[in-house]
Amino acid sequence: MDEKRGRFEAQVMPHLDAAYRFARWLSRAPGDADDLVQEAVLRAYRGFESLRGHDTKSWLLAIVRNCHSIAQRQQRRRAFVPLPDAHDARDGHVLVADTADPQQASMLADEARTLDELLLGLPDDYREVLTLREIEELDYREIARVINAPIGTVMSRLSRARAARKKKLAASSLWRSA
């Protein structure tokens, strides 16, 4: 193994799970997240020599974000037909998996769906900073580097995202209890 590859694997590969989680939240689909991370890792390897300092996680997540932006622009240029929603009466049944414990699977799916709905209901800018802070546990400076924005913008977006999430959660709790 050559020196560059060894250093790359030692510094970048430990953050692969974080890159996938971030890609999953950005892309909203596991298959798209796989493609996004694969492209990001290739770009990271090509540009590895440009990495300065030891903030590898933020650097990799910024690459994932950029790859996502490029993929979104390309997708807008093509016709896109989304998969059916799980609640779609005509085709939704194909998305339901058979499990050994239906009650637990249903509860987990409901929780995941609620979280997805809460996050997907947020504007992209808010969802992005909320995911980086709450799920990836980056600090404000790291988030600012990932999204290429001032730290004040990060703080503002995060505050607004949390307020919007809280409002949506309260509304969904009221709706379900009614």
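Cut-offs and rules
Residues numbered from 1 in each chain as written. Predicted model: local features only at pLDDT ≥ 70, side-chain atom pairs only at ≥ 80, totals over all residues. Heavy atoms only, no water. Core = buried A, V, L, I, M, F, W, Y, C linked by side-chain atoms within 4.5 Å. Buried < 20%, exposed > 50% of the residue type's maximum accessible area, 1.4 Å probe, protein only. Helix = DSSP H or I, 4+ residues; strand = E, 2+ residues; numbered from the N terminus. Contact = heavy atoms within 4.5 Å. Expected span 1.5 Å × (residues − 1). Phe/Tyr/Trp six-rings, centres within 6.5 Å; stacked < 30°, edge-to-face > 60°. Lys NZ or Arg CZ within 6 Å of the ring centre and 35° of its normal. Arc of directions from axis to C-beta. Axes fitted to C-alpha atoms, helices over the stretch in contact; angles between N-to-C directions. Parallel < 35°, antiparallel > 145°, perpendicular 65-115°, else oblique. Left-handed = near helix turned anticlockwise from the far one by under 90°. Nonpolar A, V, L, I, M, F, W, Y, C, P; charged D, E, K, R; others polar.

Draft legend 1. Structural view of the nonpolar core. The biggest cluster of nonpolar side chains holds 36 residues, and the ones touching the most others in it are Val64, Leu132 and Ile147. Those elements that place two or more of their residues in this core are helix H2 (16-27), helix H3 (30-46), helix H4 (56-77), helix H6 (124-135), helix H7 (140-147) and helix H8 (151-177).

Draft legend 2. Seen up close, the side chain of Thr56. Here Thr56 shows up in helix H4. Taking relative accessible area as the criterion, Thr56 reaches 6% and is therefore assigned buried. When residues no more than four places from it in sequence are discounted, the contact partners of Thr56 are Gln11, Val12, His15 and Leu51.

Draft legend 3. Structural view of H2. Under the 1.5 Å per step criterion, the end-to-end length of H2 is 16 Å for twelve residues, consistent within 8% with the ideal 16 Å. Its buried side turned inward, H2 meets H3, H4, helix H5 (102-120), H6 and H7. Arg28 occupies a position one or two residues after H2 and carries a positive phi of about 70 degrees.

Draft legend 4. Region of the structure containing the packing of aromatic side chains. Following the criterion strictly, the structure yields three aromatic pairs and no others. Ring plane angle 90 degrees and centroid distance 5.1 Å describe the contact between Phe8 and Tyr45, whose orientation is recorded as edge-to-face. Separated by 37 residues along the polypeptide, Phe8 in helix H1 (residues 3-11) and Tyr45 in helix H3 bring together distant segments of the chain. With a relative accessible area of 4%, Phe8 lands in the buried category. Here Phe8 and Phe48 contribute two aromatic rings whose centre-to-centre distance is 5.4 Å and whose plane-to-plane angle is 85 degrees, an arrangement assigned as edge-to-face. Linking Phe8 in helix H1 with Phe48 in the loop between H3 and H4, this pair joins segments that are 40 residues apart in sequence. Ring pairing ties together the aromatic residues Phe8, Tyr45, Phe48 and Trp59, which thus form one cluster. One Lys or Arg, Lys4, reaches over the ring of Tyr45 and ends 4.5 Å from the middle of that ring.

Draft legend 5. Molecular detail of H3. With 17 residues, H3 extends 24 Å from end C-alpha to end C-alpha; this agrees with the ideal 24 Å at 1.5 Å per step. Burial in H3 covers these residues: Ala33, Leu36, Val37, Ala40, Val41 and Ala44. Viewed end-on, H3 has its buried residues packed into an arc of 135 degrees, placing them on one side of the element. Set apart from the buried face of H3 by more than 90 degrees, the exposed residues are Asp35, Gln38 and Arg46. Looking at the buried residues of H3, the elements they touch are H1, H2 and H4.

Draft legend 6. Structural context of the packing of H1 against H3. The N-to-C vectors of H1 and H3 enclose an angle of 130 degrees; their axes lie 11 Å apart at closest approach. Our classification of the angle between H1 and H3 gives oblique. Crossing geometry of H1 relative to H3 is assigned as right-handed. Taken together, the residues of H3 that come into contact with H1 (itself represented by Lys4, Arg5 and Phe8) are Val41, Ala44, Tyr45 and Arg46. Split by residue class, the contact of H1 with H3 holds four nonpolar, no polar and three charged.

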